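One letter stands for each residue in the lines below.
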Amino acid sequence: MELASNLGRLRLKNPLMNASGILGSNSSLLLRLASTGIGAVVTKSVGLRPRIGYPNPTLIPVGGGFINAMGLPNPGASYMAKEVRKVKKRGVTVIASVFGKTPQEYAKVALKMEEAGANAVELNLSCPHANGLIHFSQKPELSKMVIEQVKDQVSIPVFAKLTVEASSVVEVGRSVEKAGADAIVAINSIGAMLIDTKLKRPVLANKIGGLSGPPIKPIAVKCVYQLYEAVNIPLIGVGGIVSTRDAIEFILAGSSAVQIGSAIALKGLDVFKEVLKGLKAYMEEEGFKSVNEMIGLAHKASGGSRLDV
Ligand SMILES: Cc1cc2nc3c(=O)[nH]c(=O)nc-3n(C[C@H](O)[C@H](O)[C@H](O)COP(=O)(O)O)c2cc1C
């Protein structure tokens, strides 16, 4: 049975990764993630300079998931480059998530990550609560500018992480493909807030945060399904995956790989082993010889299952 999955030029030993921002801000956390056996580890989004992030509270459980407004705390590109080097020495596949205030800044950080040995860069164009990042992936033109600048600077694969908060995520997807993106990561957390009814004020210090976890899964699956029909580059599905079933749903919708974030907080690092084991069992039961055979299968059938979901 072949668990390996290809993201263009990047071959993963299996299709699982952590989502950016949940662990991943230094080498020891990245190595802990790698020890679960996942196909690649993704760093916390890193900018040119260190950022402290927002004051607490920054993370609140809600509706089975979370709303967070961390404010992209990160140690800055130079520090992260050293951490990536340490992880690469251990033979781990590393995807560096990067952000910038301008397309040029994205390109500078991406280049530092390539020089540190990252196997790919994931451009966070879509954080709903920090630095105005979301505006990049809300507009096809802006996302295109970022991809073009980064592609100009680096030769490793470039992934574009998109938001569903665009007038058309499909249009944005088409535009990043045209600009040369090697894969699309869909989706980031979705702008959300919670009001404290006693204090009569927003709970998060930043007022607005991003919703993640099980509440956003059906939205993320739809997004992947639609992108699969619109673009020819590989898709990496993320949003609300807590079980094998969720991961398989994303693959059938068209994902070549999947990322897991909030579920690490809900279930611990064991979630990766559980999902990997479940994926193998499903493939055996259903007679799939490779993950590749499963990708996008939901597009072949017409809708209307009567099975319990
Ligand atoms: C606490 C927290 C921090 C996050 N930080 C980042 C980040 O630095 N960069 C990024 O691209 N996404 C970040 N995200 C979004 C996740 O990578 C992911 O897209 C989102 O949470 C949906 O996946 P999930 O439902 O599996 O958590 C963060 C999410 C959470 C909950």
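These figures come from a predicted structure and were not determined experimentally. (Residues numbered from 1 in each chain as written. Predicted model: local features only at pLDDT ≥ 70, side-chain atom pairs only at ≥ 80, totals over all residues. Heavy atoms only, no water.)

**Describing the environment of Val-275**
Where we set the bar: A run of H or I in DSSP counts as a helix once it spans at least four residues, and a run of E counts as a strand once it spans at least two, with each numbered from the N terminus. We call two residues contacting when some pair of their heavy atoms lies within 4.5 Å.
Tracing the backbone through its elements, the reader meets Val-275 in helix α10 (residues 270-286). Those residues in contact with Val-275 that lie beyond four places of it in its chain are Leu-16, Ser-243, Thr-244, Ala-247 and Ile-260.

**Section: the nonpolar core**
Spelled out, the test is: Put simply, a nonpolar core is a bunch of buried Ala, Val, Leu, Ile, Met, Phe, Trp, Tyr and Cys residues held in one set by side-chain atoms that sit within 4.5 Å of each other. Whether a residue is buried, partly exposed or exposed follows from its accessible area with a 1.4 Å probe, protein chains only, as a fraction of its type maximum: under 20%, in between, or over 50%, in that order.
Among the nonpolar cores identified, the biggest contains 84 residues, and Tyr-106, Met-113, Val-121, Leu-123 and Val-150 are the most heavily contacted of them. For Tyr-106, the contacting residues outside a window of four places in its chain are Val-98, Phe-99, Gly-100, Leu-123, Asn-124, Leu-125, Leu-133, Phe-136, Val-146 and Val-150. With 15 residues, the next largest nonpolar core counts Ala-40, Val-42, Ile-95 and Ala-183 among its residues.

**Quick word on the pairing of strand β8 (residues 120-124)**
Put simply, the rule reads: Here, a strand pair is defined by DSSP locating no fewer than two bridges between the strands.
The buried fraction of β8 amounts to 5 of the 5 residues, a majority that puts the element mostly inside the structure. Inspection of the sheet shows strand β7 (residues 94-98) paired to β8 by 4 bridges, in the parallel sense. Each residue of the ladder has a partner; that of Ala-96, found in β8, is Val-121. Sheet topology places β8 next to strand β9 (residues 158-162); 4 bridges connect them, and they run parallel. What sits directly across from Val-121, in β9, is Val-158.

**A word on α10**
Which entries qualify depends on this criterion: For a helix, the expected span equals 1.5 Å multiplied by the residue count minus one. When we speak of the arc, we mean the arc of directions from the helix axis to the C-beta atoms.
Taking 1.5 Å per residue, 17 residues should reach 24 Å; α10 reaches 24 Å between its end C-alpha atoms and fits that length. Within the sequence span of α10, burial applies to Val-271, Phe-272, Val-275, Leu-276, Gly-278, Leu-279 and Met-283. Projected onto a plane normal to the axis of α10, the buried residues spread over an arc of 165 degrees and lie on a single side. Opposite its buried face, α10 presents the exposed residues Asp-270, Lys-273, Lys-277, Glu-284 and Glu-285, each directed more than 90 degrees away. As for α10, its buried residues are in contact with β3 (16-18), α1 (27-34), α8 (244-253), β16 (255-260) and α9 (262-267). Phi turns positive, to about 75 degrees, at Gly-287, one or two residues after α10.

**Brief notes about the site of the ligand**
Short version of the rule: Throughout, the term near means that a residue has one or more heavy atoms lying within 4 Å of the molecule or strand in question. Contacts described as polar in this section are N or O atom pairs within 3.5 Å, which, within protein, must combine one atom able to donate a hydrogen with one able to accept it, while residues neighboring in sequence count only if both atoms come from side chains. Surface accessibility follows the Shrake-Rupley procedure with a 1.4 Å probe radius. Residue values consider only the protein chains on display as shielding. As a working rule, the residues Ala, Val, Leu, Ile, Met, Phe, Trp, Tyr, Cys and Pro are called nonpolar, Asp, Glu, Lys and Arg charged, and the rest polar, with Gly in that last group.
Around the ligand there are 22 residues in total, and Ser-20, Ser-45, Gly-213, Gly-240 and Ser-262 lie nearest to it. The contact in question runs from an oxygen atom of the ligand to an N or O atom on the side chain of Asn-124, over 3.1 Å. Ile-187 places a polar main-chain atom, nitrogen or oxygen, 3.1 Å from an oxygen atom of the ligand. Look at the ligand: alone it shows 600 Å² of surface, and the protein chains cover 96% of it. Classifying every residue of the shell around the ligand gives 7 nonpolar, 13 polar and 2 charged.

**So, the sheet that holds strand β15 (residues 235-238)**
Across the sheet, which stays open at both edges, the 8 strands sit in the order β3-β16-β15-β10-β9-β8-β7-β4 with parallel pairing between neighbours. Of all the strands in the sheet, the pair left with one neighbour each is β3 and β4 (41-42).

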